[in-house]
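Residues per chain are reported as follows:
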Amino acid sequence: LEVGIVDVPGHENFIRTMVAGASGIDACMLVVAADDGPMPQTREHLDILTLLDVRHGVVVLTKIDRVSPEEQQLARQVVADFVRGTFLENAPIMPVSNVTGDGLGALYEALSDIVGAIQPRAVDGVFRLPVERAFSIRGHGTVIAGVPIAGAVHADDEIVLLPDGLTGRVKSIQVYGQDSSTARSGQCAAINIRHWDHRLVERGKTVTIPGFFEPHTWCVGQVRMLPQDRLYLKHGATVRFHTGTTERLARAYLLSGNGVAGGQTAFIQFRFDEPIVAGPRDRFIIRDLSPPRTIGGGVILE
């Protein structure tokens, strides 16, 4: 088995980075320290994973070497209560210690079971890679790294960078750090395009096949608001919109009604300050500007 791991930052100041990293994953390890318990950002991470439609996972209770057996059992119960009613409700809770190594073998077996249960994602469709980062290697040119969310790309394929419209040709490919002739949906990939200036290939842009996608300053999505008290999104409000590695300010216009409350769903048209590249069935997250918090998410329809 070949498994890619995305380690997302835990601190609330890096939620935007967490959203971008989690967009391409199939399963999660929700890590909670036995001596600290769930943090506010743990709840937000779990909410984001739910809104991104992640369905598989395991809960890892770390630092068990720092607590007594009674405290470990209490921490386990706290975590079980924390994930109740979520997609992790029936997930295994694995106590581990990085210091003593206790529980790591059992965690490995639990991860193997989860990987075996995941339906491999389709690799058909039009190749599309949301850019995570780009850099230049002397003698080779620009390298673009990310996880393709659809299709496959091959060496010598013609590609385009959107929204710029810059075209080029793939010189070489690496997948999980190894040379490859192809990069497929769901793989951690690096694509070499010799003649592009890496400074133009910014995070949030999209690499795809010419002739299929174009940038737009609006989209319509079905939104599910998180079930929180005093949560209300009014018609015309400004939110922060995340899809793939793209982040934009957006005005939210409800297709019916004057607002949507916590726990409710609505059809909303989002209008952006700058164009995005997306497709139907892409997942997205919306966050309040002040205070910065995740309020909902859903799927793009048009």
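Look up: the structure comes first, before these words.
Residues numbered from 1 in each chain as written. Predicted model: local features only at pLDDT ≥ 70, side-chain atom pairs only at ≥ 80, totals over all residues. Heavy atoms only, no water.

**Q** Can you walk me through the overall build of the protein in this structure?
**A** Summing up its helical and strand segments, the protein has four helices and 22 strands in all. Computed over the C-alpha atoms, the radius of gyration of the protein is 21 Å, within 12% of the 19 Å expected from 2.2 N^0.38 for a compact globule of 302 residues. When the backbone C-alpha atoms are referred to their principal axes, the protein occupies close to 60 × 50 × 30 Å. Per-residue burial over the protein gives 43% buried out of 302 residues. Sequence separation of 24 or more characterises 68% of the internal contacts of the protein that already satisfy a separation of 6 or more. Per element, the accessible surface of the protein, about 15,800 Å² overall, is 48% carbon and sulfur. Computed over 29 positive and 34 negative side-chain charges, the inter-centroid distance for the protein is 6 Å. (Helix = DSSP H or I, 4+ residues; strand = E, 2+ residues; numbered from the N terminus. Rg over C-alpha atoms; globule rule 2.2 N^0.38 Å. Buried < 20%, exposed > 50% of the residue type's maximum accessible area, 1.4 Å probe, protein only. Contact = heavy atoms within 4.5 Å. Areas by Shrake-Rupley, 256 points an atom, 1.4 Å probe, with all protein chains shown as cover. Lys, Arg positive; Asp, Glu negative; His and termini not counted. Charge placed at Lys NZ, Arg CZ, Asp CG, Glu CD.)

**Q** Can you walk me through the nonpolar core in this structure?
**A** Here is a general trend for soluble globular proteins: nonpolar side chains tend to be buried in one another's company. Core analysis: the largest hydrophobic core is formed by 48 residues, its most contacted members being L88, M225, L233, F241, I268, F270 and I286. Broken down by element, this core gets its largest block of residues, five residues, from strand β20 (residues 265–276). Core analysis: the next-biggest nonpolar cluster, separate from the first, contains 17 residues, V153, L161, A189 and V201 among them. (Core = buried A, V, L, I, M, F, W, Y, C linked by side-chain atoms within 4.5 Å.)

**Q** Is there a simple way to think about the sheet that holds strand β15 (residues 216–225) in this case?
**A** Strands in a sheet are paired, the pairing made by backbone hydrogen bonds, and the direction either parallel or antiparallel. With antiparallel pairing, the six strands of this closed barrel are ordered in space as β15-β20-β18-β17-β21-β22. Strand-to-strand twist across the sheet, computed as the mean angle between neighbouring axes with direction ignored, equals 45°. Examined bridge by bridge, strand β17 (residues 237–243) and strand β18 (residues 246–254) share seven bridges and lie antiparallel to one another. In the sheet register, T238 faces β18, and the bridge partner there is R251. Sheet strands in contact with helix α2 (residues 40–51) are β15, β21 (283–288) and β22 (293–300), and its direction is about 10° off that of β22. (Pairing = 2+ DSSP bridges. Axes fitted to C-alpha atoms, helices over the stretch in contact; angles between N-to-C directions.)

**Q** Teacher, can you tell me more about a nonpolar patch on the surface here?
**A** On the surface, a nonpolar cluster with roughly 410 Å² of combined accessible area is contributed by L1, V3 and I5. Mapped onto the elements of the fold, I5 is located in the segment before α1 (15–22). Take I5: its relative accessible area is 70%, and that puts it in the exposed class. (Patch = residues over 30% accessible without salt bridge, like charges linked within 9 Å, V, L, I, M, F, W, Y side chains within 5 Å. Salt bridge = Lys/Arg side-chain N within 4 Å of Asp/Glu carboxyl O.)

**Q** In this structure, what is going on with the side chain of T182? I would like to understand it.
**A** Note that T182 resides in strand β12 (residues 182–184). Of the residues examined, T182 reaches a relative accessible area of 10% and is grouped as buried. Contact partners of T182, with chain neighbours within four places excluded, come to A152, V153, H154, I173, V175 and Q187.

**Q** Would you mind going over the environment of H198 with me for this structure?
**A** Summarising the element assignment, H198 is placed in the loop between β13 (189–193) and β14 (206–208). The class for H198 is partly exposed, based on a relative accessible area of 28%. Ignoring sequence-local partners within four residues, the contact set of H198 consists of A134, F135, S136 and T142.

**Q** Would you mind showing me how to read the pairing of β13 here?
**A** On any regular strand, side chains alternate: one points to one face of the sheet, the next to the other face. Counting buried residues in β13 gives five out of five residues, a clear majority hidden from the surface. The two faces of β13 match: A189, I191 and I193 on one face and A190 and N192 on the other face are all buried. Relative to β13, strand β6 (residues 141–146) runs antiparallel, the two being bridged by five bridges. Bridging across to β13, I144 finds its partner in I191.

**Q** I keep staring at the packing of aromatic side chains and nothing clicks. Help me out?
**A** The description of two aromatic rings rests on the distance between their centres and on the angle between their planes. Applying the stated rule across the entire model yields four aromatic pairs. Summarising the aromatic geometry, the rings of F241 and F270 are spaced 5.0 Å apart at their centres and angled 55° between planes, so their arrangement reads as tilted. With a gap of 29 residues between them, F241 in strand β17 and F270 in strand β20 connect regions that are remote in the sequence. For F270, a relative accessible area of 0% puts it in the buried group. Ring geometry for F270 versus F284: centroids 5.6 Å apart, planes at 70°, classification edge-to-face. Pair noted here: F270 is in strand β20 and F284 is in strand β21, with a separation of 14 residues, a long-range link. One exposure class covers both F270 and F284, and it is buried. By way of ring pairs, the aromatic residues F241, F270, F272 and F284 are connected into one cluster. One residue, R43, lies across the ring of F82, its end atom 4.3 Å from the ring centre. (Phe/Tyr/Trp six-rings, centres within 6.5 Å; stacked < 30°, edge-to-face > 60°. Lys NZ or Arg CZ within 6 Å of the ring centre and 35° of its normal.)

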